[in-house]
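Structural overview
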Amino acid sequence: DVVAVYRSNVDDLPDIMIYPTISDQYIQVVKITENNFKTANIRIYNLAGHLMLQQPLNSDFLVQTIDISSYNAGAYVLELYDGQYAQKARFIKQN
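Please read all numbers here as calculations on a predicted model, not as lab measurements. (Residues numbered from 1 in each chain as written. Predicted model: local features only at pLDDT ≥ 70, side-chain atom pairs only at ≥ 80, totals over all residues. Heavy atoms only, no water.)

**Brief notes about the pattern of salt bridges**
Let me state the cut-off plainly: A carboxyl oxygen of Asp or Glu within 4 Å of a side-chain nitrogen of Lys or Arg is what we treat as a salt bridge. Runs of H or I in DSSP of at least four residues are treated as helices and runs of E of at least two as strands, each being numbered from the N terminus. We call a residue buried when its accessible area falls under 20% of the maximum for its residue type, exposed when it is over 50%, and partly exposed in between, using a 1.4 Å probe and counting protein chains only.
What the rule picks out here adds up to 2 salt bridges. As a salt-bridge pair, Glu79 and Arg43 come within 3.4 Å of each other at their nearest N and O atoms. Taken as a pair, Glu79 in strand 8 (residues 74-81) and Arg43 in strand 5 (residues 41-46) lie far apart in primary sequence, 36 residues in all. The pair formed by Glu79 and Arg43 is uniform in burial state, with each residue classed as buried. Here Glu79 makes a salt bridge to Lys88, at a shortest N to O gap of 3.8 Å. Relative accessible area serves as the criterion here: at 8%, Glu79 is assigned to the buried category. Where salt bridges share partners, they join Arg43, Glu79 and Lys88 into one cluster.

Here is the structure:
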């Protein structure tokens, strides 16, 4: 089964879908609008607030796969940030 979290655009960031929300290996960020990322970064934080990942996104990306296999089991927050606006979604890393 595929479980997806859909986060709606509220501040000029493209709409995205993140799936699966429970995984032991990978999560995928999917752009579902025609809007472009210009200088956006993806960040992943654990619930203690520690930055686990920061990487830029290409403005022409459709699907970004992120390897979470080295993370400890638990809940994480994925943030799309463009310097002015941010969207957040949660996912769970399982063993």
